[in-house]
Amino acid sequence: MKLTRRIALIGVLMPLSLCAADWDDCKQRKREALRLEQGLGKGKKVSGYSSGAAMKARRRELERWLRKNCRYYSNRLRDLERESM
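Residues numbered from 1 in each chain as written. Predicted model: local features only at pLDDT ≥ 70, side-chain atom pairs only at ≥ 80, totals over all residues. Heavy atoms only, no water.

A. Highlighting the packing of helix 2 (residues 23–42) against helix 4 (residues 74–84). In contact at an axis separation of 10 Å, helix 2 and helix 4 are set at 35° when each is read in the N-to-C sense. Pair helix 2 / helix 4 crosses with right-handed handedness. Side by side, helix 2 and helix 4 meet where Trp23, Cys26, Lys27, Lys30, Arg31, Leu34 and Gln38 of the first sit next to Arg76, Leu77, Leu80, Glu81 and Ser84 of the second. (Axes fitted to C-alpha atoms, helices over the stretch in contact; angles between N-to-C directions. Helix = DSSP H or I, 4+ residues; strand = E, 2+ residues; numbered from the N terminus. Left-handed = near helix turned anticlockwise from the far one by under 90°. Contact = heavy atoms within 4.5 Å.)

Here is the structure:
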């Protein structure tokens, strides 16, 4: 019975650890999202993007990824956002 519980516990916890990202990945993507947000706010095209629509789509994609994979670091990411503004 104990072995079954352990296997069940591993089965539940394993996907959670595979989805989570480390701090460096989260920080890098948050910085890119902030850079895009600032560029869109100023009405200037950020280098590496063909248009404002491409920048907006990439920012949405980054924010979705951050929400999904970086919940553990949400406070640190908010602090990073405050520092950059």
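B. Spatial organisation of the packing of helix 2 against helix 3 (residues 52–69). Between helix 2 and helix 3, whose axes approach to 9 Å, the crossing angle comes to 145°. As helix 2 packs across helix 3, the resulting crossing turns out to be left-handed. In this structure, helix 2 uses Asp25, Cys26, Arg29, Lys30, Glu32, Ala33, Leu36, Glu37, Gly39 and Leu40 to contact helix 3, whose residues at the interface are Gly52, Met55, Lys56, Arg58, Arg59, Leu62, Glu63, Trp65, Leu66 and Asn69.

C. Fine view of the pattern of salt bridges. On inspection of all chains with the given rule, the structure shows 5 salt bridges. Of the charged contacts in the structure, one is a salt bridge between Glu81 and Lys30, with a shortest N-O distance of 3.4 Å. Residue Glu81 is located in helix 4, and its partner Lys30 is located in helix 2; the two are separated by 51 residues in the primary sequence. Relative accessible area serves as the criterion here: at 24%, Glu81 is assigned to the partly exposed category. (Salt bridge = Lys/Arg side-chain N within 4 Å of Asp/Glu carboxyl O. Buried < 20%, exposed > 50% of the residue type's maximum accessible area, 1.4 Å probe, protein only.)

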